[in-house]
Amino acid sequence: MKIIEVKNLTKIYNGKKKTIAVNNISFEVEKGEIIGLLGPNGAGKTTTIKCIATLIIPDSGDIFIKGKNAFKHPSFALKNISAVLEGNRNIYWRLSVRNNLEFFAGLQGLNPKKIKNKIDELIDYFNLREKEKAQARFLSRGMQQKLAVACAFVRDTEILLLDEPTLGLDVETTHELKELIKKKAKEEGKTLILSSHNMKLVEDICERVIIINKGKVVAIDSIRNLKEFFGYKDFYFEIEGKIKEEIKREFIEKFELVKFKEDEYVTEIEIELKSAEYIYDVIDMMRKNSFKLKRIEERTPDFEEIYLKIVKNG
Amino acid sequence: MGDLILFKTVFKKEFIEMKNYLFNTLFSMISIYMIFVFMFFGIKFISPQAVKFGNTIEGLIIGYFIWLFSIFGYSDMSWGIMEEARAGTLEQLSMTPFGLHRVLIYRIISTFLLTFLYTVPMLFLMMITTGKFLHIDLLTVLPLILFTILPSFGLGFIMSGLGLIFKRLQASFQILQFIFIVFLLAPSDKIFAFKFLPFSLGVRLISQNMIHKIKIFEMNRLDLLILVIVALFYFFAGFYIFKICERIAKKKGVLGHY
Ligand SMILES: Nc1ncnc2c1ncn2[C@@H]1O[C@H](COP(=O)(O)OP(=O)(O)OP(=O)(O)O)[C@@H](O)[C@H]1O
Ligand SMILES: [Mg+2]
């Protein structure tokens, strides 16, 4: 049984104009999986996450948490879910760090006294010890966000939903928080759905991603597979001297995605190959025409480029 | 078991918040006391007879006392939800497996208990100022206060619920507190139908005890029955309306908006 099942989820907002925020989305998440939810602004990520957390009631479709319908059994669903939602407003600004943690534990039905050790552990883990007694409003933005994440962990649920947890944080804090989330989620075997615009973060944490655009799923797969399917390999060759036009034409006919750039001394050939194996054909042709090869360089696109490509095509 | 933890958790937060806003609360208590003093001397000036012979001042004290109770609970409900929506914690609060309504009920009980910390000293202050010392019989007066105040929580639920959907209702919340005074003053002893208004009958019964020393089991059974039924009606109607509003807010996706 999958821990989260989203089936044909559709949400239409009837504001001043009708918005189909989520359009028939389905996916499943395995227990212990860390999955990324990606998509451009307005794609429907937050809406999807809030539906899973039963904060938004969809127009149609269902969500099952551990096999039970979340909208029919919200309290069962919420026993298993905690979330950090978009923005910096997940914690009580006028409660101290410790009081926030205690409050959210209690809200989940956990006795704060009994889990004192866990609370202390989280305070240390998220480097909040020196601000333990300070009201949350006096913390830096980064610390507030760490506290919000800690408050989600203290609820001790199997499922954790994080909606853009690093938005607005500097590079350093983003990196720190990423490592903290990754390690703890793995350690505790959490099922984690994470939405982010930070592809580095997603690539680093998530095993699988769901890419949505305009409310529809455009890809669900592991990052490795997506790279393989959508990735291409760019090869650069540096050749001494110039190349005859007819040979150039021959290259273009054979490999299609070829670009030439030349100056007096060298010619650069850039070839986009579907698979690395085609490199043999390229080399063969070069040998046949007695090219003087000076340098070869392989350039694989990073996940961000692949993501952009998928979103554009989807 | 879980409920006890939830209650303690909510109580602790209310208590911390009360401490945080201690200064504000003290300030409003002082203003409320000043208004009382003005009214007292006003009455004394206009009709000295009333002060000497009638029960006007006693009535004023009791009415004031109950009004304080009602607005504490009510404003915590209606204003509190708005505050959570504004602060952005409302969605987190809604994610408790116990349900938002249960959090609110524990909050009501917490405020009800904490309100004693303000209203009781105020009661004594008013008695000292006026020199009119009321009879205090906890066994009679506590249950009466509870059932008199219960409708204010029902109304609080309604306003919280409406506040979830229409986020900018807050101004009208304040006005309602003054409409409470109208309810309090409604002569339910003369017009039977007024017994079905919030507060009105309860205040009269409390006065019977605090002024005329009538014990709860000596009171009119029908009146007591009406008091309890009316209280429960307002409370549960409010609760039900809140649940409907919560559902609408979740459908519109505006629970976390402000
Ligand atoms: N309560 C609402 N009422 C009306 N429209 C809404 C509401 N919430 C979201 N929308 C619209 O629904 C669409 C999806 O919004 P959503 O917040 O789910 O996107 P998102 O993927 O989280 O975007 P972002 O990356 O900007 O956070 C958007 O067009 C948004 O304007
Ligand atoms: Mg979003």
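Conventions and cut-offs
Residues numbered from 1 in each chain as written. Chains lettered and ligands numbered in written order. Predicted model: local features only at pLDDT ≥ 70, side-chain atom pairs only at ≥ 80, totals over all residues. Heavy atoms only, no water. 1 Å grid on protein atoms, 1.4 Å probe; cavity = no way out; pocket = protein on both sides within 12 Å on 5 of 7 lines; lining within 4 Å. Points joined across faces, edges and corners; volume = space filled by probe spheres on them. Helix = DSSP H or I, 4+ residues; strand = E, 2+ residues; numbered from the N terminus. Nonpolar A, V, L, I, M, F, W, Y, C, P; charged D, E, K, R; others polar. Contact = heavy atoms within 4.5 Å. Buried area = accessible area lost by both parts, 1.4 Å probe. Salt bridge = Lys/Arg side-chain N within 4 Å of Asp/Glu carboxyl O. Polar contact = N/O pair within 3.5 Å; in protein donor to acceptor, adjacent residues only side chain to side chain. Pairing = 2+ DSSP bridges. Axes fitted to C-alpha atoms, helices over the stretch in contact; angles between N-to-C directions. Near = heavy atom within 4 Å. Areas by Shrake-Rupley, 256 points an atom, 1.4 Å probe, with all protein chains shown as cover. Donors = N, O, S within 2.8 Å, 3.2 Å for Na, K, Ca; no water. Buried < 20%, exposed > 50% of the residue type's maximum accessible area, 1.4 Å probe, protein only. Phe/Tyr/Trp six-rings, centres within 6.5 Å; stacked < 30°, edge-to-face > 60°. Lys NZ or Arg CZ within 6 Å of the ring centre and 35° of its normal.

A. Representation of the layout of surface pockets within the structure. One number sums up the size of the second largest pocket: a volume of about 380 Å³. Residue assignment for the lining of the second largest pocket shows that the elements contributing at least two residues are helix H2 (74-79) of chain A together with helix H6 (100-130) and helix H10 (221-252) of chain B. For the lining of the second largest pocket, the class distribution of residues is 7 nonpolar, 6 polar and 4 charged.

B. Expanded view of the interface of chain A and chain B. Facing 33 residues of chain A, the contacting portion of chain B comprises 29 residues. Both sides together, the interface formed by chain A and chain B hides about 2,900 Å², and carbon and sulfur atoms give 58% of it. Counting every contact that joins chain A to chain B gives 2 salt bridges. Measuring nitrogen to oxygen at the nearest pair gives 3.0 Å for the salt bridge that ties Lys 50 of chain A to Glu 91 of chain B. Our count for the contact surface shared by chain A and chain B stands at 14 residue pairs in polar contact (both at pLDDT 80 or more). Contributions of two or more residues to the side of chain A that touches chain B are made by strand S1 (4-14), H2, strand S6 (81-84) and helix H3 (97-107) of chain A. In terms of residues, the side of chain A that touches chain B owes the most to one element, H3 of chain A, which gives 6 residues. Among the residues forming the side of chain A that touches chain B, the class breakdown is 17 nonpolar, 9 polar and 7 charged.

C. Representation of the sheet that holds strand S13 (residues 266-273) of chain A within the structure. All names here are of chain A. Read across the open sheet, the 4 strands follow the order S12-S13-S11-S14; overall the sheet is antiparallel. Edge positions in the sheet fall to strand S12 (258-262) and strand S14 (293-299), since each of these pairs with one other strand and no more. Ignoring strand direction, the axes of neighbouring strands in this sheet form an average angle of 15°. Sheet contacts for helix H9 (residues 245-255): S12 and S13; angle to S12, the most-contacted strand, approximately 155°.

D. Representation of the site of ligand 1. Neighbouring residues of ligand 1: 17 residues in total, closest Gly 42, Lys 45, Thr 46, Thr 47 and Glu 86 of chain A. In this structure ligand 1 sits where residues from chains A and B come together. A distance of 2.8 Å separates an oxygen atom of ligand 1 from a polar backbone atom of Gly 42 of chain A. In this structure, a nitrogen atom belonging to ligand 1 sits 3.1 Å away from a main-chain N or O atom of Gly 253 of chain B. When isolated, ligand 1 has an accessible area of 630 Å², and the protein chains bury 72% of it. Those elements that provide at least two residues to the shell around ligand 1 are strand S2 (18-29) and helix H1 (45-52) of chain A. The leading source of residues in the shell around ligand 1 is H1 of chain A, at 3 residues. A per-class count over the shell around ligand 1 returns 4 nonpolar, 9 polar and 4 charged.

E. Spotlight on the coordination of the magnesium ion (ligand 2). Residues and elements named next belong to chain A. In the first shell of the magnesium ion (ligand 2), the protein supplies Thr 46 (OG1) and Glu 86 (OE), at 1.9 to 2.2 Å from the metal. Within this pair, whereas Thr 46 is found in helix H1, its partner Glu 86 is found in the loop between S6 and H3, the two being separated by 40 residues in sequence. Since its relative accessible area comes to 18%, Thr 46 is described here as buried. Among the residues examined, Glu 86 registers a relative accessible area of 38% and is labelled partly exposed.

F. Up close: the pattern of salt bridges. Taken as a whole and judged by the stated rule, the model has 42 salt bridges over all chains. Its salt-bridge partner being Lys 13 of chain B, residue Glu 17 of chain B comes within 3.6 Å of it at the nearest N-O pair. With a gap of 4 residues between them, Glu 17 of chain B and Lys 13 of chain B both fall in helix H1 (residues 2-20), about one helical turn apart. Given a relative accessible area of 4%, Lys 13 of chain B falls into the buried group. What emerges from the salt-bridge pattern is a single network uniting Arg 98, Lys 116, Asp 120, Asp 124, Arg 129 and Glu 132 of chain A.

G. View of the packing of aromatic side chains. Under the defined criterion, the tally for this structure stands at 30 aromatic pairs over all chains. Here the aromatic rings of Tyr 21 of chain B and Trp 79 of chain B are separated by 6.5 Å at their centres, their planes lie at 85°, and the arrangement is edge-to-face. A residue pair is termed long-range when its members are at least 10 positions apart, and Tyr 21 of chain B in the loop between H1 and helix H2 (22-46) and Trp 79 of chain B in helix H4 (residues 56-87) qualify at 58 residues. For Tyr 21 of chain B, a relative accessible area of 24% gives the class partly exposed. By way of ring pairs, the aromatic residues Phe 157, Phe 235, Phe 236, Phe 239 and Phe 242 of chain B are connected into one cluster. Just above the ring of Tyr 125 of chain A sits the side chain of Lys 184 of chain A; from NZ or CZ to the centre is 4.7 Å.

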